[in-house]
Amino acid sequence: MTISFDLTFDNGIRHALCTALSGACSASAIFVPARFFDSSNPFLGSCFLLVECKPSSKHALGHAQKEVTVEGRTYKTDEWMNTPPTILSSIARRLHVQPDHPLNITRQLIQSRFPGYKTHNELFPIVSTHQNFDSLGFPPDHIGRSRTDTYYLNKETVLRTHTSAHQADTFRANETEGYLITADVFRRDAIDRSHYPVFHQMEGSRTWDRKTAEKDGKTLAQVIWDDVAKIPKHDINVEDPNPPHHAARNPLQDTHTADEVEAIAAHLKRSLEDVVVAIFSAAKTASDAGGPSADEPLQVRWVEAYFPFTSPSWELEVFWQGDWLEVLGCGVVQQSILTNAGVPDRVGWAFGLGLERIAMLLYSIPDIRLFWSTDARFLSQFSAASPMKRFVPFSKYPACFKDVSFWLKTSSSAAGGAGHVAPLTSAAPTIAGHAFHENDVMEIAREVCGEVVEDVRLVDEFVHPKTGRKSLCYRINYRSLERTLTNEETNGLHERLRRQLVEELGVELR
Ligand code: DAH
């Protein structure tokens, strides 16, 4: 059966429609087309949605779909497919380029600190596992490749889990010395006020050409230090207690000298400190505009880190409202990535940061779901042209929590409890076939409840002393950001959620 719709709708309706369709039938193909924006209202789009339904009880988390077309590109799906239509439909939103959207304003603020860097804001989110993992040196058994953590369309195709997926291609294109990539990224994850399965990252990189330095009669380190001198100075308090590299904890690569890494690290750290100063001065302006705020000096610190694609590596943390907040990851690019990308003489750094986290503190936005709101009470509060102002919550609607308790299937309780990760095998197990993973509960909650689930938390867990069966209890917090939910509505959602847990995970309700 094929159903075609030609309709004008806002994205709330798009989400609702996709959720309804995924519940009502098993779509063998769902076409999520490119949007045509109505210039008077960027959140209204006219769109053609074609859904083919097959009589099957398999949910989108299963694998009844045969192919999927997203904005004109068609992908064969297989037993690795675990991407629900609601996630695919979010691709069209492109929040980071919507006029006056807080993520867009945040992006532009950061971009403005990197003059001359080429910006990429339209890179397509569906990438190969090679781009997302292999090209960056992720080992074959890395946990990030798991179906419980990553959205797959098929064994070799995923929704990018980070903007680093485009590093190798951007190095290969070799258009500019510096670049910035901003994009939506996708991860199966917990549900709470700071996690949403789709969020936005910015990737940045700056490289130098060893051969050009030699031709100019300089060492690579000298050339880089000359560029360090061009970065604006700041007077903030930076803690950086560790040496630029450490043989055991944060090693130099064979292809780099200590002098080179010191210069690269200095350029990287100074560039990113400059970004932090810009962000936190703006945040201060915003919070001053929203009322009194403590006038604390900005404090930042560098900590050693590990990423498969950089060495040495660091994270930058900022002291904000009483806590050290991790703002970004970065490091010296693994030379093998540049060599494999056909630019073996280039040497440099890369960083990646999450835009939502920064925008949330810039504007005091309390819940990550708000970024997806099409409610004018949210959107009208942000303007690229006016000074930054703190977000004023338009209302706090009541929350209502409900618990669901269930016994795991005997096989999965033996294999491990909440948080257990199924081993990666070449044959992708079906969702009900692999060991229980909490992210599957999260995915089902999102699919059934959409934006009205605020938080899902494990509140109780025990193993029956006689049978050895494991029981889990999750607390689902229901709250809409835009209206008061009725009792009937939350009861209905909770009942559907309970049924779906049984159907998809094979658990037994208690
Ligand atoms: N891709 C990393 C993540 O998603 C962030 C990151 C860390 C990007 C270090 C980088 C980097 O380019 O050098 O967590």
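Given the structure is predicted, the values throughout are model-derived calculations rather than measurements. (Residues numbered from 1 in each chain as written. Predicted model: local features only at pLDDT ≥ 70, side-chain atom pairs only at ≥ 80, totals over all residues. Heavy atoms only, no water.)

Caption draft 1: Structural detail: helix α14 (residues 487-505). Compared with the 27 Å implied by 1.5 Å per residue over 19 residues, the 26 Å span of α14 between its first and last C-alpha is a close match. Backbone geometry just downstream of α14 places Gly506 in the positive-phi region, at approximately 70°. (Helix = DSSP H or I, 4+ residues; strand = E, 2+ residues; numbered from the N terminus. Expected span 1.5 Å × (residues − 1).)

Caption draft 2: A look at helix α7 (residues 220-228). Burial in α7 covers these residues: Leu220, Ala221, Ile224, Asp227 and Val228. In an axial view of α7, the angular spread of the buried residues amounts to 120°, which keeps them on one side of the axis. Here the buried face of α7 lies against β12 (198-209), α6 (210-215), α8 (258-289) and β17 (346-354). (Buried < 20%, exposed > 50% of the residue type's maximum accessible area, 1.4 Å probe, protein only. Arc of directions from axis to C-beta. Contact = heavy atoms within 4.5 Å.)

Caption draft 3: Just the packing of α7 against α8, in detail. Where α7 contacts α8, the axes come no closer than 8 Å and their chain directions differ by 20°. Comparing their axes, α8 and α7 come out roughly parallel. Pair α7 / α8 crosses with left-handed handedness. Contacts between α7 and α8 involve Leu220, Ala221, Ile224, Trp225, Asp227 and Val228 from the first element and Asp259, Glu260, Glu262, Ala263, Ile264, Ala266, His267 and Arg270 from the second. For the contact of α7 with α8, the residue count by class is 8 nonpolar, 1 polar and 5 charged. (Axes fitted to C-alpha atoms, helices over the stretch in contact; angles between N-to-C directions. Parallel < 35°, antiparallel > 145°, perpendicular 65-115°, else oblique. Left-handed = near helix turned anticlockwise from the far one by under 90°. Nonpolar A, V, L, I, M, F, W, Y, C, P; charged D, E, K, R; others polar.)

Caption draft 4: Representation of the confidence of the model for the protein chain in the model. With 81% of its residues at a pLDDT of 70 or more, the protein chain shows a mean pLDDT of 85. Of the regions scoring below 50 in pLDDT, residues 1-60 engages in 132 contacts with residues more than four places distant in sequence or in other chains. For the stretch residues 413-430, pLDDT sits under 50, and the model shows 44 contacts to residues farther than four places along the chain or on other chains. (pLDDT = per-residue confidence, 0-100.)

Caption draft 5: The site of the ligand, seen in detail. Close to the ligand lie 15 residues, the nearest being His162, Ser164, Arg187, Gln201 and Glu203. In the model, an oxygen atom of the ligand is placed 3.3 Å from a nitrogen or oxygen of the Gln167 side chain. Take Phe351: an N or O atom from its main chain is 3.3 Å from an oxygen atom of the ligand. Isolated, the ligand exposes 360 Å² of accessible area, and the fraction of that covered by the protein chains is 88%. Elements supplying a minimum of two residues to the shell around the ligand: β12, β16 (323-333) and β17. The class makeup of the residues in the shell around the ligand is 5 nonpolar, 8 polar and 2 charged. (Near = heavy atom within 4 Å. Polar contact = N/O pair within 3.5 Å; in protein donor to acceptor, adjacent residues only side chain to side chain. Areas by Shrake-Rupley, 256 points an atom, 1.4 Å probe, with all protein chains shown as cover.)

Caption draft 6: The arrangement of the side chain of Thr150 in detail. Locating Thr150 in the fold gives a position in the loop between α4 (129-132) and β9 (152-154). In this structure Thr150 comes out as buried when scored by relative accessible area, which is 1%. Apart from the residues lying within four places of it in its own chain, the contact partners of Thr150 are Asn82, Phe133, Gly144, Val158, Leu159, Thr161 and Arg188.

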